[in-house]
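Single-letter residue listing:
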Amino acid sequence: MSLTGKHILLGVSGGIAAYKTAFLVRDFVKAGAEVQVVMTDAATHFVTPLTLGTLSRREVITDMFPRGAAEATTHWTAHIDLALWADIMLVAPATANTLAKIAYGFADNFLATLVLALRCPLAVAPSMDVDMYRNAATQHNLTLLRERGVHVLEPESGELASGLVGPGRLPEPETILHWVEGLMVETRTDLLGKKVLVTAGPTHEPIDPVRYVGNRSSGKMGFALAAAATRRGAEVTLISGPVHLPTPPGVRRRDVATAREMAGAVDEEFPSTDVLIMTAAVADFSPVHPAGDKIKRDAVVGDRMTLEMEKNPDILRSAGERKARQVLVGFALETSNGLHHARQKLAAKHLDAVVLNDPTEDGAGFGTETNVVTILMADGRIDRLPQMSKLAVAEEILNRVAPLLR
Ligand code: CTP
């Protein structure tokens, strides 16, 4: 069980998604954790303390000052005891109000007071209506929390309880569980002193100075891997195609645009690296003669134009041919016959592992926060993992890479 013996504080604030915490508590307990639930007054309107107390097998705390003098004297310092007891605190759902209280250090209810006293990592899963989520005040508060090292689980997009559509939905309990599992292994140092090279994002192959051939890769999987490897002690270089993502703390980043530029950067870094993980969606072809000036509509005779393309270098394949001690991990994006193609790639490119995903599956593919992958190892092991956050997938990949380095 992934969370055996872990002490989790679950802070529930008052949003409609609070009903999902019943399943979340059950999942945490099944994974072996001890869970202490703390609720704001508003949360008790959406799910009862009796429900969460029964599932967690611990009395839920809602009040700072429980009624009855005797109880009050023993209870009022509970926030200090619990803060010391916890391995992690998760606030889910975290409403705009509770996020604001945490960002500004308020202590006007038990949940907020407990957060102030914590010595363990804090994680929050915001959930609210789309306009409240997008509001500048909420976004500013989330930025403040991130800067302080609070882990923030992005809400999912979709239809909200109000009927509006957009980001604000609390991810499913299973996704939250895997995210928390990923956070709990952060303290590992099994990559200490190792050099890890990660590629991420798409490549853009110019047609003319303003147009390119590209793909929908967001870079999230590669950035998650770079962040996870850094936390596990590795010295990480991230070679990124054009993406809109902040560089994870501690990561050395090199930006490239085309497949050829990426190949050049990998060639330079490869000899001194211990691990190469190619998550980049490298374009297989690029226009042979990119135009020096913007192609004019009228310059094309007739209704059709032909773009001549040539094959780009296969970066991973040439790394496989050159590899000495390096551990090589590739990604395979397949929509049919996935295992067969992934096995072929593993052998043909001399890989140690290949991560197979099918972008047509729910919760997988480009731009999503989660992924559904199967990891195939050179020794024949095959693990199909459930849907989990890209950060949790990154941890799973590194769990398999680290032992190969010893
Ligand atoms: N890759 C690479 N250089 C390329 C193309 C892909 O290094 N020019 C890497 C990718 O980063 C990925 C793996 O190779 O790790 C994907 O293998 P590839 O054979 O390109 O498979 P797909 O593009 O997924 O599929 P297909 O076989 O259909 O081309």
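These numbers were taken from a predicted model, which means no experiment stands behind them.

(A) Region of interest: empty space enclosed by the protein. Taken as a whole and judged by the stated rule, the model has one cavity of 30 Å³ or more. When its volume is computed, the largest cavity comes out at roughly 40 Å³. In terms of lining, the largest cavity is formed by Leu153, Glu154, Glu156, Pro171, Thr175, Glu369, Thr370 and Ser389. Taken domain by domain, the makeup of the lining of the largest cavity includes at least three residues from each of domain 1 (7-183) and domain 2 (195-290 + 307-405).

(B) Just the pairing of strand β8 (residues 195-200), in detail. Judged by how many residues are buried, β8 sits mostly within the fold: five of six residues are covered. As paired elements, β8 and strand β11 (residues 235-240) share six bridges and run parallel to each other. By the bridge assignment for β11, Val198 is matched with Leu238. In this structure, β8 lies alongside strand β13 (residues 275-278), joined through four bridges in parallel fashion. From the neighbouring strand, Val196 faces β13, where its bridge partner is Val275.

(C) Structural view of the sheet that holds strand β2 (residues 34-39). With parallel pairing, the five strands of this open sheet are ordered in space as β2-β1-β3-β4-β5. Across the chains shown, the open sheet's two edge strands, defined by having one partner strand only, are β2 and β5 (151-152). Contacting β1 (7-12), β3 (88-94), β4 (122-126) and β5, helix α9 (residues 173-184) runs over the sheet at an angle of about 150 degrees to β3.

(D) Seen up close, the sheet that holds β13. One open sheet holds the eight strands; their spatial order is β12-β11-β8-β13-β16-β17-β19-β20, and the pairing between them is mixed. Each having just a single partner strand, β12 (252-255) and β20 (382-384) make up the two edges of the open sheet. Taken pair by pair, the neighbouring strands of this sheet meet at an average axis angle of 15 degrees, ignoring direction.

(E) Representation of the side chain of Arg232 in the model. Locating Arg232 in the fold gives a position in the loop between α10 (220-231) and β11. The class for Arg232 is buried, based on a relative accessible area of 0%. A distance of 2.6 Å separates the side chain of Arg232 from the side chain of Glu395, its partner in a polar contact. Contacts of Arg232, omitting those with residues within four sequence positions, involve Arg188, Thr189, Asp190, Leu191, Leu192, Glu395, Leu398 and Asn399.

(F) Fine view of the domain arrangement of the chain. Domain assignment breaks the chain into domain 1 (7-183) and domain 2 (195-290 + 307-405). One C-alpha centre belongs to domain 1, the other to domain 2; they are set 34 Å apart. Taken together, the six residues of domain 1 in the interface contact nine residues of domain 2. Where domain 1 packs against domain 2, one counts zero salt bridges. Of the residues in the side of domain 1 that touches domain 2, the class split is one nonpolar, three polar and two charged.

How each quantity is defined
Residues numbered from 1 in each chain as written. Predicted model: local features only at pLDDT ≥ 70, side-chain atom pairs only at ≥ 80, totals over all residues. Heavy atoms only, no water. 1 Å grid on protein atoms, 1.4 Å probe; cavity = no way out; pocket = protein on both sides within 12 Å on 5 of 7 lines; lining within 4 Å. Points joined across faces, edges and corners; volume = space filled by probe spheres on them. Domains from an automatic or database assignment. Buried < 20%, exposed > 50% of the residue type's maximum accessible area, 1.4 Å probe, protein only. Helix = DSSP H or I, 4+ residues; strand = E, 2+ residues; numbered from the N terminus. Pairing = 2+ DSSP bridges. Contact = heavy atoms within 4.5 Å. Axes fitted to C-alpha atoms, helices over the stretch in contact; angles between N-to-C directions. Polar contact = N/O pair within 3.5 Å; in protein donor to acceptor, adjacent residues only side chain to side chain. Salt bridge = Lys/Arg side-chain N within 4 Å of Asp/Glu carboxyl O. Nonpolar A, V, L, I, M, F, W, Y, C, P; charged D, E, K, R; others polar.

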